[in-house]
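Each chain is listed here by its residues.
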Amino acid sequence: MRPFDYARATDTAEAVSAVTADPNTSYLAGGTTQLDLMKDGVLGPDRLVDITRLPLGGISHLDGMVRVGALTTMEELAADPVVARRLPFVREALLLGASTQLRNMATLGGNLLQRARCRYFRDPTVPECNKRDPGSGCAAIAGIQRMHAILGTSDHCIAVHASDVAVPLVALDTTVHVQGVNGRRHIPLTGFYLPPGDTPHIENVLEHGELITTLEVPLLPEGARSTYLKVRDRVSYEFALTSAGVVLMMDDGEIREARIALGGVGTIPWRAWRAEDVLRGARPGRDAFDAAAEAALEGAGPLPGTAFKVGLAKRTLVRALESTAGAES
Ligand SMILES: Cc1cc2nc3c(=O)[nH]c(=O)nc-3n(C[C@H](O)[C@H](O)[C@H](O)COP(=O)(O)OP(=O)(O)OC[C@H]3O[C@@H](n4cnc5c(N)ncnc54)[C@H](O)[C@@H]3O)c2cc1C
Ligand code: SF4
């Protein structure tokens, strides 16, 4: 592991200035992604600015939304009673991620910014990785692809965005508040992530040094039903092969509104807009859910090692919709 300087920030503006001023300085929150990658030699910052003492924790409940400080841990958010009652699929996604120990360290801001789990990205002895070393190639495209993406991929990168909780948060139209040296701005989470294109090393719209301060998550209306379903190779402590976060709002036996996002299949947490359109105004049932699943996976570009994910993702979504609709009746 390369030597690095460590500073503990006590003032938010000073932390933002310090990181912005130096491209080789990074934030440190819970460290569960950052320190792993440093120990593995994937990242080698000259300096870490520890933000865990900044006043960016806490959960507050406003009319129709919950405001979550970026340093709130996954466990803290999962334990919040309003989240449990009004955003149950967010809670499910949190508790199906990582392990209890990790969730007690891992922050929401860090979760949204976690890096790819691609084995080639995480192994610096592999020379080809456009995300780690732009222009070097992509070892996964001719390699082992089981955990890789089928939506939003490019010829330059097929890595999945691995966050579970980002899936329901994208479905809910969460807003991300950030602070930079030139002030604050807010960004819809649906526009926060960037598919790889020919610049896989640029994963989101943040400028270097911009700090996530808060998330604003709209609450589901009373009566809305939601599910987060995660399919993985083992039942605990494993990333998703496929996942689906769904919301159904019903009116007179018809679907008034649907929210759908997929995990484990996209290079970004994948909002399935076309599937939502298919369900709006439909009667819940297998035909409508199959049509929604077809629409959600339209444009999927699997490779031999990820071909199984097309069918698996459709079945995951149909099952999530069926259990959500079942809960409604
Ligand atoms: C073994 C293991 C299993 C896991 N399983 C899952 C899983 O099943 N599902 C899942 O969703 N996740 C899983 N994770 C990922 C885990 O949830 C993330 O590592 C964690 O949420 C990152 O949060 P952190 O606070 O530790 O971030 P850090 O590691 O401290 O930071 C991560 C990145 O975000 C940046 N950063 C952190 N906070 C901010 C901020 N406020 N503003 C700007 N930049 C910031 C850091 O500079 C760094 O680049 C797993 C991780 C491990 C190690
Ligand atoms: S899929 Fe992306 S992260 Fe993995 S080797 Fe290819 S470029 Fe790197």
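Just so it is clear, the model here is predicted, and its values are computed rather than measured. (Residues numbered from 1 in each chain as written. Chains lettered and ligands numbered in written order. Predicted model: local features only at pLDDT ≥ 70, side-chain atom pairs only at ≥ 80, totals over all residues. Heavy atoms only, no water.)

Draft legend 1. Highlighting the site of ligand 1. Among the 32 residues in the neighbourhood of ligand 1, the closest are listed as Tyr27, Thr32, Thr33, Thr107 and Asp164. Within the backbone of Ala29, a nitrogen or oxygen atom sits 2.8 Å from an oxygen atom of ligand 1. Interatomic distance of 3.3 Å between a side-chain N/O atom of Gln114 and a nitrogen atom of ligand 1. When ligand 1 is considered free in solution it has 970 Å² of accessible area, and contact with the protein chains removes 93% of it. Of all the secondary structure elements, the ones that give two or more residues to the shell around ligand 1 are β2 (25-28), α2 (34-39), α7 (108-112) and β8 (211-218). Its residues assigned to classes, the shell around ligand 1 comprises 15 nonpolar, eleven polar and six charged. (Near = heavy atom within 4 Å. Polar contact = N/O pair within 3.5 Å; in protein donor to acceptor, adjacent residues only side chain to side chain. Areas by Shrake-Rupley, 256 points an atom, 1.4 Å probe, with all protein chains shown as cover. Helix = DSSP H or I, 4+ residues; strand = E, 2+ residues; numbered from the N terminus. Nonpolar A, V, L, I, M, F, W, Y, C, P; charged D, E, K, R; others polar.)

Draft legend 2. Structural context of the pairing of β2. Across four bridges, β2 lies against strand β3 (residues 47-50) in parallel orientation. Bridge assignment links Leu28 to a residue of β3, and that residue is Asp50. Handedness of the β-α-β unit built from β2, α2 and β3 comes out right-handed. (Pairing = 2+ DSSP bridges. Right-handed = clockwise from strand over helix to strand, strands pointing away.)

Draft legend 3. Molecular detail of the nonpolar core. Within the largest apolar cluster, 41 residues are counted, with the highest numbers of intra-cluster contacts made by Leu87, Val90, Leu169 and Leu215. Counting residues per element, this core draws most heavily on helix α8 (residues 166-171), which supplies five residues. If sequence neighbours within four positions are ignored, Leu215 has contacts with Val66, Arg67, Val68, Leu108, Leu112, Leu169, Thr174, Thr175 and Val176. Counting residues in hydrophobic clusters, the runner-up holds 29 residues, among them Ile260, Leu262, Ala282 and Phe289. (Core = buried A, V, L, I, M, F, W, Y, C linked by side-chain atoms within 4.5 Å. Buried < 20%, exposed > 50% of the residue type's maximum accessible area, 1.4 Å probe, protein only. Contact = heavy atoms within 4.5 Å.)

Draft legend 4. Broad picture of the packing of aromatic side chains. One pass over the structure, following the stated rule, counts one aromatic pair. Over the ring of Trp273 we find Arg271, and its NZ or CZ is 3.9 Å from the ring centre. (Phe/Tyr/Trp six-rings, centres within 6.5 Å; stacked < 30°, edge-to-face > 60°. Lys NZ or Arg CZ within 6 Å of the ring centre and 35° of its normal.)

Draft legend 5. Expanded view of the pairing of strand β11 (residues 254-263). Burial of β11 is extensive: seven of the ten residues sit out of reach of the surface. Where strand β10 (residues 242-251) meets β11, nine bridges bridge the pair, whose relative direction is antiparallel. Directly across from Val246, in β11, lies its bridge partner Ile260. Here β10 folds back onto β11 in antiparallel fashion, the turn holding two residues, of which Asp252 has a positive phi close to 55 degrees. Looking at chain direction, β11 and strand β12 (residues 270-271) are connected through two bridges and run antiparallel. Counterpart to Leu262 in the pairing with β12 is Trp270.

Draft legend 6. View of empty space enclosed by the protein. Across all of its chains, the model carries two cavities of 30 Å³ or more by this definition. Of the volumes computed, that of the largest cavity is approximately 140 Å³. Along the wall of the largest cavity there are 17 residues; nearest its centre are Lys131, Ala159, His161, Glu203 and Thr267. When its residues are assigned to classes, the lining of the largest cavity shows eleven nonpolar, three polar and three charged. (1 Å grid on protein atoms, 1.4 Å probe; cavity = no way out; pocket = protein on both sides within 12 Å on 5 of 7 lines; lining within 4 Å. Points joined across faces, edges and corners; volume = space filled by probe spheres on them.)

Draft legend 7. Expanded view of the environment of Thr306. Position of Thr306 relative to the elements: it lies in the loop between α10 (286-296) and α11 (308-328). Since its relative accessible area comes to 0%, Thr306 is described here as buried. The spatial distance from the C-alpha of Thr306 to the C-alpha of Ala149 is 7.3 Å, given a sequence separation of 157 residues. Setting aside anything within four residues of it in sequence, one finds Thr306 in contact with Gln145, His148, Ala149 and Ile150. From its side chain, Thr306 meets the backbone nitrogen of Leu303 in a polar contact 2.8 Å long.

Draft legend 8. Geometry of the site of ligand 2. In the vicinity of ligand 2, 15 residues are found, and the nearest of them are Cys118, Cys129, Cys138, Cys157 and Ile158. The site holding ligand 2 turns out to be the second largest cavity. The residue inventory of the shell around ligand 2, partitioned by class, reads ten nonpolar, three polar and two charged. (Sits in = over half its atoms within 2 Å of the grid points.)

Draft legend 9. Expanded view of the sheet that holds strand β1 (residues 5-8). On the basis of which strands lie adjacent, the open sheet formed by three strands has the order β1-β3-β2 and parallel pairing. The outermost strands of the open sheet, each flanked by one partner alone, are β1 and β2. Each neighbouring strand pair of the sheet contributes to a mean axis angle of 25 degrees, computed without reference to strand direction. Sheet topology places β1 next to β3; four bridges connect them, and they run parallel. Residue Asp5 lies in a different strand from β3, and its bridge partner there is Arg47. (Axes fitted to C-alpha atoms, helices over the stretch in contact; angles between N-to-C directions.)

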